[in-house]
Amino acid sequence: MATSELRRALGLRTVVSTSAGLAFAAIDYLAIGGLIAYATGGAAWIPILVAGFLVLLAWGFFGELNGMFPTAAAIRLYMSKAMGDRLALGIAFSYMTTIVLVVAADAFIIGSALAHALGAGRWLALAFVVGLLGLATLSNLAGVRVAGWVQDLATYAVLAVTTGVAVAAFTLPSFRLSTPLTPLAHHPAGDLVQAVALGVFLYAAFEWVTTSAEEVRRPTSIARGMLIAIGLLALVCSLVAVAMSGLLDHAELASAYPQVILGQRVAGQAGVVLMTAVTAVTALNTFNGGFVTASRFVYAVAREGNLPRAFSRLNDRAVPFVPVLMLAGASTFVAVIVAATNSWQVLVATGATLEAMIYAVAGVCVHRLRRRLPEAERPHRVRAARVLAPAGVGLFAVLALAAGMTVGSRFDPLPLAIVGAMGAAAAAYVLAYLPRLQAAQAARRALAEPRRRRPPRSPGPAGAVDPMGSGGPMLAVEPVIATDPAGPDGPVPG
Amino acid sequence: MATRDEIREALADYRVSCNSNERLRRMQRDWSKVIHLDALDVDAKFTMHVVRGEITSIDDGLSGPCDVLVRAQSEDFADMFWGDLNPVQKYLQGEIKVQGSQEDVMRLDAISSIIWPEV
């Protein structure tokens, strides 16, 4: 029997680059700078590695869920099967806002790095931010796609150059490594928790590669690729943390471009250019992956009937332009506010809170689906899930709270308030607006003339049809439904 | 359960609807793909060739490598290609399974969305 083989499928290399590339955004450099404030100098690598071990738990959760539902729609599927459709939709909407934050953050950081490299002020940085997002929006609307090999090249180049600069920093006479093994020296224990919470953010979005599950050559590549990406991120982020802590002072670490200053210390003006270029290249993955993932998700949800139909309208390049414009508008709004107020630390803390929360939700899904779908095939299983899933939920919930109640190194519940407001908005939409939207859609369809294009079946000689086309066994005729009130003209499933 | 002939009939109608839609042809002008359709419950497999947005042939069986593979119940295939079913709803419920790039999967749904916007 003929079987299907995909002409183009993603290999392990591209899975790793996608996972690592989506996680290693420009904001990671700033998050590392912020993390060093919580741990003593050269010991900043310790919370990063601890966070990496915790993220392995999230890797296990996403690996199991992706194995059960190897599809780009996995998040909708496993959440709705684990916790009901409405709650799943609300959480998915909140999750998508992470993409807005990351895109906004990257635009702000690249704008700031460019302005710094050119010796320009805040207003030019603001212009760069708006220009970059405008460019990204236009290229998305025009249907421009980044080829897989370009994405591979970009990601591996960013990781390699960053590693090279960090290692070169160790060789400088001015490099001072202080207390590399004692993260708690002169710091309370709570600071280490904060550092780990920020450390989790460095790996954030590694799991977005699960949306490529339908494109891979081997189904196991996704779980394996995510694992390798986590290892790469742990290595590169640890090296950068040690390099920054040994060369940069507090004000430099708290700036919007610590990676550019690191480049300057290592290689002078050439280092500035190199690290500014590397920062700009990270946007290739963030803007491309972020815009495409989020806009297609919004399109699918609108086509499903859970968002107004305007969100599923396509332009002449088959791009869902309303979601793209909405994402661009939201990202620009956030980026401009951050650029004007220099409040990027709020963005980092909000992203860290959201990401830790989503890892906790993944743990809930694993736990509940083990009970609800015990017989389902699980190519990748979390070992000792009965213990590890609840433990992971608790751990990531604590980290979410820790990240949500501090900005920089001071107590500030603003990130938690922002996440709470986003959750409330999503809940209000799902509970208050969505039922009315669905009722309106059902009413509109009920008013339309009932239609079914598929012709009724013509009964065979003895009231039977041949399900195998010709030559197969004959079965009794199924009832012919001329108009199906619960079909296309009936209510849209919630 | 739909028969192979019913799916074939639906595909023939789908081909006419697609190829006669000017906006769809313009939108898909840069889209040339081989699509495999595999019914899970009956022996019905098809290979659809799309060249610059035009469906040029729909052949029985799965021939050569493909860009997109769609697996579904025969009833879903028949309903989908007659425009009586919203493929995204079935896809998001995990009942229609697809392999291929996200872009191609979306383009495939875009066809239904353009020729039957009311579904």
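Here we summarise the structure given alongside this text. Here the structure is a predicted model, which means the values were calculated and not measured. (Residues numbered from 1 in each chain as written. Chains lettered and ligands numbered in written order. Predicted model: local features only at pLDDT ≥ 70, side-chain atom pairs only at ≥ 80, totals over all residues. Heavy atoms only, no water.)

### Side note on the overall build of chain A
Counting its regular elements, chain A contains 15 helices and 4 strands. Within chain A, buried positions represent 55% of all 494 residues. Looking at chain A as shown, the accessible area adds up to about 20,100 Å², and 68% of this sits on carbon and sulfur atoms. (Helix = DSSP H or I, 4+ residues; strand = E, 2+ residues; numbered from the N terminus. Buried < 20%, exposed > 50% of the residue type's maximum accessible area, 1.4 Å probe, protein only. Areas by Shrake-Rupley, 256 points an atom, 1.4 Å probe, with all protein chains shown as cover.)

### A few points about the environment of A:L327
Residue and element names in this part refer to chain A. Tracing the chain through its elements places L327 in helix α12 (residues 321-341). Residue classification places L327 among the buried positions, given a relative accessible area of 8%. Between the alpha carbons of L327 and T97 there is a distance of 9.1 Å; along the sequence they are 230 residues apart. If we skip the residues at most four places from it in the chain, L327 touches V100, F291, A294 and S295. (Contact = heavy atoms within 4.5 Å.)

### Comments concerning the nonpolar core
One broad rule of soluble globular proteins: the nonpolar side chains tend to lie buried together. By size, the foremost hydrophobic cluster in this structure holds 149 residues, and its most contacted members are A:Y78 and A:F206. Discounting residues that sit within four places of it in the chain, A:Y78 has contacts with A:F62, A:L65, A:F69, A:C365 and A:L369. (Core = buried A, V, L, I, M, F, W, Y, C linked by side-chain atoms within 4.5 Å.)

### Concerning the packing of helix α9 (residues 221-247) of chain A against helix α11 (residues 258-304) of chain A
All names here are of chain A. Their axes nearest at 10 Å, the elements α9 and α11 cross at an angle of 70 degrees. In terms of orientation, α9 and α11 fall into the roughly perpendicular class. The handedness of the crossing between α9 and α11 is left-handed. Residue-level contacts link A243, M244 and L247 of α9 to P258, Q259, L262 and R265 of α11. A class-by-class count of the residues in the contact of α9 with α11 yields 5 nonpolar, 1 polar and 1 charged. (Axes fitted to C-alpha atoms, helices over the stretch in contact; angles between N-to-C directions. Parallel < 35°, antiparallel > 145°, perpendicular 65-115°, else oblique. Left-handed = near helix turned anticlockwise from the far one by under 90°. Nonpolar A, V, L, I, M, F, W, Y, C, P; charged D, E, K, R; others polar.)

### What to know about the interface of chain B and chain A
Each partner contributes residues to the interface: chain B has 58 residues there, and chain A has 46 residues. Of the roughly 4,700 Å² buried where chain B meets chain A, counting both sides, 46% is carbon and sulfur surface. For the salt bridge of B:E6 with A:R454, the shortest nitrogen-to-oxygen distance reads 3.5 Å. Put simply, chain B and chain A have 21 residue pairs in polar contact (both at pLDDT 80 or more) between them. (Buried area = accessible area lost by both parts, 1.4 Å probe. Salt bridge = Lys/Arg side-chain N within 4 Å of Asp/Glu carboxyl O. Polar contact = N/O pair within 3.5 Å; in protein donor to acceptor, adjacent residues only side chain to side chain.)

### Some remarks on the pattern of salt bridges
Residue and element names in this part refer to chain A. Taken as a whole and judged by the stated rule, the model has 26 salt bridges over all chains. Where R410 meets D412, a salt bridge forms, and the shortest distance between an N and an O atom there is 3.9 Å. R410 sits in the partly exposed class, given a relative accessible area of 47%.

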